[in-house]
Amino acid sequence: MQFRMIRRSLVALVAILSTFLSSFAFAGQNSMLSSHTEENHITDSANGLPAIHLDGNYFSRDGKRFIPVGANWVPAKTAMQWPTQWDPKAIEADFARMHELGFNTIRLDFVWAWIEPRPGNYNPEAFRAIDFLITLAHRYQIYLHPCLLIGGEVGEAYWDVPYRQGRHPHSDPDMLRIETDHVGELARRYGKETAILGWDLTDEPPFWIAPETTDAMAINWTRLLSWSMRRYDSLHPIVVGTSMEDIGRGPFRPDNLRQEADFFSVHPYSIYAPKLFPDAMLSERGTYGSAFETALSGGAGKPVMVQEIGASSAQYDPDKIAKFLRASLYSGLGAGANGFLLWCYTDAAPEQFHKVPYLRSPHETQFGLTTWDGKDRPSATMFKDFEDIVGRLDLTGIEPAPAEAGIIVPYEWSKPHGDFSHFGLTGPEVVPYTSTDEGANVAGQSQPNFGEENLWITGSWLSSFVLARRAGMKADFPREYDDWRQHPLILMPSPLTSTDAFLVHVHSDFWEKAKHYVSKGGALYASVAADAAIPEMESLFGARMVDANPKDDITLKIVAPFGALRVGDTFHYSVPSATPRSWGALLEVKGGTVIAVDQDNRPALVANTVGSGRTLLSAYPLENYLANRPAAFDKPENTHRIYEAFREWSGLKPLVRSDRPSVEVSALSGGIHGYVIVTNHGAAAETVTITAARALHSVARITPRAATPVQVSGTTFKIDIGAYEGQVFEWK
């Protein structure tokens, strides 16, 4: 740590000298030249940044894996106008300050109109500015993660190009040609530049004021642009910087990009998604946002970076923001996120308040880790510690531990619109199949809007994800036609069991596969509502549906011992709406065992054995109830005990678990060592017992400055952890 502080002081001294020199380098910045410079591959010195590539889940440089940490860089005084209000002295001061804050990576915007003011006519001053930024990157040891074709950033602002003239950026042939040429030119010039972490094709698409972007447009756009870049650049990984496209099921969702992108990004702004997270900022559900989106996007098959996350000090107390970010970062780390870039480096300066976008978006003025004049906010202090801790991790041979529980993502949710590949149709058809719900099969017909259905399923997914973690299980999101059978336990919360909206439920033949999975030793939990339909249900669950069961409130009472549940234990829920999606189902038990009944003494939980496996059926959509309950997990809430009891009954022993439901424990595992990531999502400090599935020879807590041994007793060790705190332990 002392060496690091000395090195930072030396870097600051170099900054003073280099700032003097840089003022000459850009004396002619205001001139516009007609010709463009040749490609530039800049290395500042023998200590230049080494090239990066993806190695398994993580980034690697010089044969060693590392985690990119830093922020999105938008200068305080010039904001998004920094390319045209060029100030090399201020920019270098930002790099020196960001180095001091411990950043090893920044994300920044390459504004399209700045680089290409007219189609095919590139601004040579823009390339000289980029060259200067690359020089600073090497000098201050900060990788650049450029975001192209901007586009958006900051509030409701969109920075257009003058020649778009209303043409759709994702479908118009001329715009696609211009865009592919644009990104190809950047790849040609900088394809071997080692200071670049990776290319972000754009920020938060769909962008601009344009007609609806379809799945096909998003896939084609990404495919064309990534192809154009890879003609010249085989070094840098490619991502599309999407925000809420995963939980919002937008056209740029990860399943649509999986063939073109090298890794995925998430922007988990849970506090700005109140329909899915009806909670205060500091809440148990809210601080799971980064882990939830990492797991959901990662289920499409690529590593995931938390590319933006933050909260505004104009709306929330800075100390609370630091706690929110700390819990979110450690939870995301445990879920397998491979990088963390906060939004954003600094607040906007007061002079920016007088013009758009800050004029119209007051909250955007104060997202910074620092104030506009450079003072650390509490989040900066917290983030320095996080950076130092992840910088100490030896990730050689390490990968995120496999999940014990899989929450199924239906094919209909993940597939591209118009894909019939899993429709069971083979060979030539005399009468062609056309779906009225598929949309766009008739000229002029738009794709249907499934916003309400999507919120329904994502809310239940999120509830199930949190319940699984509270029950000691790591959960992820395998796709319906991927290999979900590798999970020892599968969770199927309603509406995965429903039938009235194809987007949110599995195909009918899933249940045949599920029965085979259970008979071979798997464990399957499902909840149903009155809208459910499961073919030959009794052969799997030992019960069948006979009618709807409308109610306003539900009380479940345990009537048979089940795991740690005892006779007389109760669970209470409010029904959020008078619809079949919220009502329960009347069950006729046919071979199963009733574990709980409702207030009318009707079966509510039914356990069953099939072959060497086991099932548990809930007659009520419990996860949907929790999704619609504000601050559901910040009140006394014990639904996780049902999940926990099923886990115990099925014989599943998680790799690591805690004895406190609000304290999440995840593992990053290797052959001879690994890491346990502990996150307290609760508002109270806890003394926690951590239990592993195997004997632990030694455990040490990783701190910013050292590794401190922890006393181990066989498979367990105890820790104290503060509210919304995260800790990392290395085991051997």
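Report follows, based on the coordinates. Since the structure is predicted, the reported quantities are computational estimates derived from the model, not experimental observations.

## A word on the overall build of the protein chain
Part 1 of the reasoning: Within the protein chain, the regular secondary structure consists of 16 helices and 31 strands.
Part 2 of the reasoning: Expressed as lengths along the three principal axes of its C-alpha atoms, the size of the protein chain is roughly 85 × 70 × 45 Å.
Part 3 of the reasoning: Put simply, 78% of the contacts in the protein chain that link residues at least 6 apart link residues at least 24 apart.
Part 4 of the reasoning: When the accessible area of the protein chain is evaluated, it comes to approximately 27500 Å², of which 52% is carbon and sulfur surface.
Part 5 of the reasoning: With 66 positive and 85 negative side-chain charges, the protein chain shows a separation of 5 Å between the mean positions of the two kinds.

## Points about helix 6 (residues 215–230)
Part 1 of the reasoning: An ideal rise of 1.5 Å per residue puts 22 Å on 16 residues; helix 6 measures up with 22 Å between its terminal C-alpha atoms.
Part 2 of the reasoning: Regarding helix 6, the residues found buried are D215, M217, A218, I219, W221, T222, L225, S226, S228 and M229.
Part 3 of the reasoning: If you follow the buried residues of helix 6, they end up packed against strand 6 (143–150), helix 5 (173–190), strand 7 (199–203), strand 8 (238–241) and helix 7 (254–257).

## Points about the packing of helix 8 (residues 289–298) against helix 12 (residues 451–470)
Part 1 of the reasoning: The contact between helix 8 and helix 12 brings their axes to 11 Å, and the two run at 110°. Judged by the angle between their axes, helix 8 and helix 12 are roughly perpendicular. Regarding helix 8 and helix 12, the two cross each other, and that crossing is right-handed. Taking contact as the criterion, the partners of A291, F292, A295 and L296 in helix 8 are, on helix 12, T458, W461, L462 and F465.

## Description of the nonpolar core
Nonpolar side chains tend toward joint burial in soluble globular proteins.
Part 1 of the reasoning: Membership of the largest hydrophobic core comes to 203 residues, with the highest contact counts inside it found for F95, W461, M492 and W511.
Part 2 of the reasoning: Sorting elements by how many residues they give to this core places helix 4 (residues 124–140) first, with 10 residues.
Part 3 of the reasoning: Excluding residues within four positions of it along the chain, F95 makes contact with I106, L133, L136, A137, Y140, I142 and L144.
Part 4 of the reasoning: One finds V676, I690, A692 and V699 within the second-largest nonpolar core, a separate group that totals 18 residues.

## Some words on the pairing of strand 21 (residues 593–597)
Part 1 of the reasoning: The pairing of strand 18 (residues 553–558) with strand 21 spans two bridges and is antiparallel. Bridge pairing links K557 to V597 in strand 21.
Part 2 of the reasoning: Summarising the sheet, strand 21 and strand 22 (residues 603–610) pair through four bridges and their orientation is antiparallel. By the bridge assignment for strand 22, V594 is matched with V606.
Part 3 of the reasoning: With antiparallel pairing between neighbouring strands as the criterion, strand 21 and strand 22 make up a hairpin whose turn holds five residues, including N601 at a positive phi of roughly 65°.

## Side note on the pattern of salt bridges
Part 1 of the reasoning: Using the criterion set out here, one finds 37 salt bridges in the structure.
Part 2 of the reasoning: Of the charged contacts, one joins D376 and K384 as a salt bridge, the two residues approaching to 3.0 Å between their closest N and O atoms.
Part 3 of the reasoning: Residue K384 is classed as partly exposed on the basis of its relative accessible area, which comes to 24%.
Part 4 of the reasoning: Salt bridges sharing common partners tie together R97, E100, D376 and K384.

## A few points about the side chain of D246
Part 1 of the reasoning: Structurally, the position occupied by D246 is in the loop between strand 8 and helix 7.
Part 2 of the reasoning: Once you skip the residues sitting within four places of it in the chain, D246 turns out to touch P254, V266, E293, L296, S297 and W413.

## Remarks on unusual backbone geometry
Part 1 of the reasoning: Geometrically, the link from W343 to C344 is a cis peptide bond, its omega value of -5° lying close to zero.
Part 2 of the reasoning: Mapped onto the fold, C344 is located in the loop between strand 11 (340–342) and helix 10 (378–391).
Part 3 of the reasoning: The linkage connecting S494 with the following residue, P495, adopts the cis geometry, with an omega of 20°.
Part 4 of the reasoning: Turning to its location among the elements, P495 is positioned in the loop between strand 15 (489–492) and helix 13 (510–519).
Part 5 of the reasoning: Phi is positive for R249, close to 50°, though the residue is something other than glycine.
Part 6 of the reasoning: Locating R249 in the fold gives a position in the loop between strand 8 and helix 7.
Part 7 of the reasoning: For R249, a relative accessible area of 18% translates into the label buried.
Part 8 of the reasoning: One non-glycine residue, E536, lies in the positive phi region at around 50°.
Part 9 of the reasoning: By secondary structure assignment, the location of E536 is in the loop between strand 16 (523–527) and helix 14 (538–541).
Part 10 of the reasoning: For E536, a relative accessible area of 63% corresponds to the exposed category.

## Quick notes on the sheet that holds strand 27 (residues 686–692)
Part 1 of the reasoning: Strand order in the open sheet made by the three strands is 24-27-30, with antiparallel pairing throughout. Every other strand in the sheet has two partners, leaving strand 24 (656–658) and strand 30 (716–721) as the edge strands with one partner each. The average undirected angle you get between the axes of adjacent strands in this sheet is 25°.

## A word on the packing of helix 2 (residues 88–100) against helix 4
Part 1 of the reasoning: Put simply, helix 2 and helix 4 touch, their axes get as near as 10 Å, and they point 30° apart. If you check the angle between helix 2 and helix 4, you find them roughly parallel. Here the hand of the crossing between helix 2 and helix 4 comes out right-handed. Here helix 2 contributes P88, I91, E92, F95, A96 and H99 to the contact with helix 4, which in turn contributes F132, L133, L136, A137, R139 and Y140.
Part 2 of the reasoning: The residue makeup of the contact of helix 2 with helix 4, split by class, is nine nonpolar, one polar and two charged.

## Observations regarding the sheet that holds strand 31 (residues 726–731)
Part 1 of the reasoning: If you walk across this open sheet you meet the six strands as 12-25-26-31-28-29, and the pairing is antiparallel. The open sheet has two free edges, formed respectively by strand 12 (399–400) and strand 29 (707–710), since each of these has just one partner strand.

## Remarks on the side chain of K551
Part 1 of the reasoning: Along the polypeptide, K551 turns up in the loop between strand 17 (543–549) and strand 18.
Part 2 of the reasoning: Within the local environment of K551, its side chain forms a polar contact with the side chain of N549, the two groups lying 2.7 Å apart.
Part 3 of the reasoning: A distance of 2.8 Å separates a polar atom in the side chain of K551 from a polar atom in the side chain of D600.
Part 4 of the reasoning: If we skip the residues at most four places from it in the chain, K551 touches V575, W583, D598, Q599, D600, R602 and Y620.

## Points about the pairing of strand 26 (residues 674–680)
Part 1 of the reasoning: Extensive coverage of strand 26 is indicated by the burial of seven of its seven residues.
Part 2 of the reasoning: Taking every second residue as pointing to the same face, both faces of strand 26 are buried, with G674, V676, V678 and N680 on one and Y675, I677 and T679 on the other.
Part 3 of the reasoning: Connecting strand 25 (residues 663–669) to the antiparallel partner strand 26 that follows it, the hairpin turn spans four residues.
Part 4 of the reasoning: Bridge count between strand 26 and strand 31: six bridges; the pairing is antiparallel. Paired with T679 across the two strands is G726, which belongs to strand 31.

Cut-offs applied
Residues numbered from 1 in each chain as written. Predicted model: local features only at pLDDT ≥ 70, side-chain atom pairs only at ≥ 80, totals over all residues. Heavy atoms only, no water. Helix = DSSP H or I, 4+ residues; strand = E, 2+ residues; numbered from the N terminus. Contact = heavy atoms within 4.5 Å. Areas by Shrake-Rupley, 256 points an atom, 1.4 Å probe, with all protein chains shown as cover. Lys, Arg positive; Asp, Glu negative; His and termini not counted. Charge placed at Lys NZ, Arg CZ, Asp CG, Glu CD. Expected span 1.5 Å × (residues − 1). Buried < 20%, exposed > 50% of the residue type's maximum accessible area, 1.4 Å probe, protein only. Axes fitted to C-alpha atoms, helices over the stretch in contact; angles between N-to-C directions. Parallel < 35°, antiparallel > 145°, perpendicular 65-115°, else oblique. Left-handed = near helix turned anticlockwise from the far one by under 90°. Core = buried A, V, L, I, M, F, W, Y, C linked by side-chain atoms within 4.5 Å. Pairing = 2+ DSSP bridges. Salt bridge = Lys/Arg side-chain N within 4 Å of Asp/Glu carboxyl O. Nonpolar A, V, L, I, M, F, W, Y, C, P; charged D, E, K, R; others polar. Polar contact = N/O pair within 3.5 Å; in protein donor to acceptor, adjacent residues only side chain to side chain.

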